[in-house]
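Notes for the structure review
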Amino acid sequence: MLFKFGIYFLLFSCIMLKGKTEGRHVGTADHRCCFFCLAVWNPVCGTDGKTYGNRCEFRRGKCLNEKLRIAYPGECV
């Protein structure tokens with residue numbers, strides 16, 4: 001069941017990313033940022049103030065914002 005949820009979440013995320021990156025050149029974030037991340041809770045706080053569930057999810061966010069960095073390990077406060 002968790003695996004199915006992960007696949008559906010991935011597909012939904014890819015659809016949402018495609019909508020956010022429309023108008024960009026082919027080969028930019030809309031294709032590179034659509035990848036599967038395991039649902040492992042090992043949070044990191046981004047410089048955008050958002051908590052990412054793990055480094056893989058952070059890398060996905062970084063695809064859309066190249067200036068994004070990890071502020072510190074753990075949840076944002």
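Every value quoted in this text rests on a predicted model; they were computed, and no experiment measured them.

1. A look at the overall build of the protein
Across its full length, the protein carries three helices and three strands. Walking the protein from its N terminus toward its C terminus, one meets helices and strands in the order α-α-β-β-α-β. For the protein, the residues scored as buried account for 30% of the 77 residues in total. If you take every contact in the protein between residues at least 6 apart in sequence, the share linking residues at least 24 apart comes to 47%. Only carbon and sulfur atoms are counted for the fraction: they give 63% of the accessible area of the protein, which is about 5,800 Å².

2. A closer look at the sheet that holds strand β2 (residues 51-52)
Read from one edge of the open sheet, three strands run β2-β1-β3, paired in antiparallel fashion. The strands lining the two open edges of the sheet, one partner per strand, are β2 and β3 (70-73). The pairing of strand β1 (residues 44-46) with β2 spans two bridges and is antiparallel. In the sheet register, C45 faces β2, and the bridge partner there is T51.

3. As for a nonpolar patch on the surface
The grouping of F36, L38 and V40 at the surface amounts to a nonpolar patch, some 280 Å² of accessible area in total. Structurally, V40 is set in the loop between α2 (29-32) and β1. For V40, a relative accessible area of 48% corresponds to the partly exposed category.

4. Considerations on the packing of aromatic side chains
A full pass over the atoms with the stated rule returns one aromatic pair. One Lys or Arg, R60, reaches over the ring of F35 and ends 5.6 Å from the middle of that ring.

5. Quick word on the side chain of N54
For N54, the location among the structural elements is in the loop between β2 and α3 (55-64). For N54, a relative accessible area of 8% gives the class buried. Within the local environment of N54, its side chain forms a polar contact with the backbone oxygen of V40, the two atoms lying 3.0 Å apart. Here E57 takes part through its backbone nitrogen, which lies 2.9 Å from a polar atom of the side chain of N54.

6. Concerning the confidence of the model for the protein
Averaged over every residue, the pLDDT of the protein is 76; the share at 70 or more is 60%. Scored below 50 in pLDDT, residues 17-27 shows twelve contacts in the model against residues more than four places distant or in partner chains.

The rules behind these values
Residues numbered from 1 in each chain as written. Predicted model: local features only at pLDDT ≥ 70, side-chain atom pairs only at ≥ 80, totals over all residues. Heavy atoms only, no water. Helix = DSSP H or I, 4+ residues; strand = E, 2+ residues; numbered from the N terminus. Buried < 20%, exposed > 50% of the residue type's maximum accessible area, 1.4 Å probe, protein only. Contact = heavy atoms within 4.5 Å. Areas by Shrake-Rupley, 256 points an atom, 1.4 Å probe, with all protein chains shown as cover. Pairing = 2+ DSSP bridges. Patch = residues over 30% accessible without salt bridge, like charges linked within 9 Å, V, L, I, M, F, W, Y side chains within 5 Å. Salt bridge = Lys/Arg side-chain N within 4 Å of Asp/Glu carboxyl O. Phe/Tyr/Trp six-rings, centres within 6.5 Å; stacked < 30°, edge-to-face > 60°. Lys NZ or Arg CZ within 6 Å of the ring centre and 35° of its normal. Polar contact = N/O pair within 3.5 Å; in protein donor to acceptor, adjacent residues only side chain to side chain. pLDDT = per-residue confidence, 0-100.

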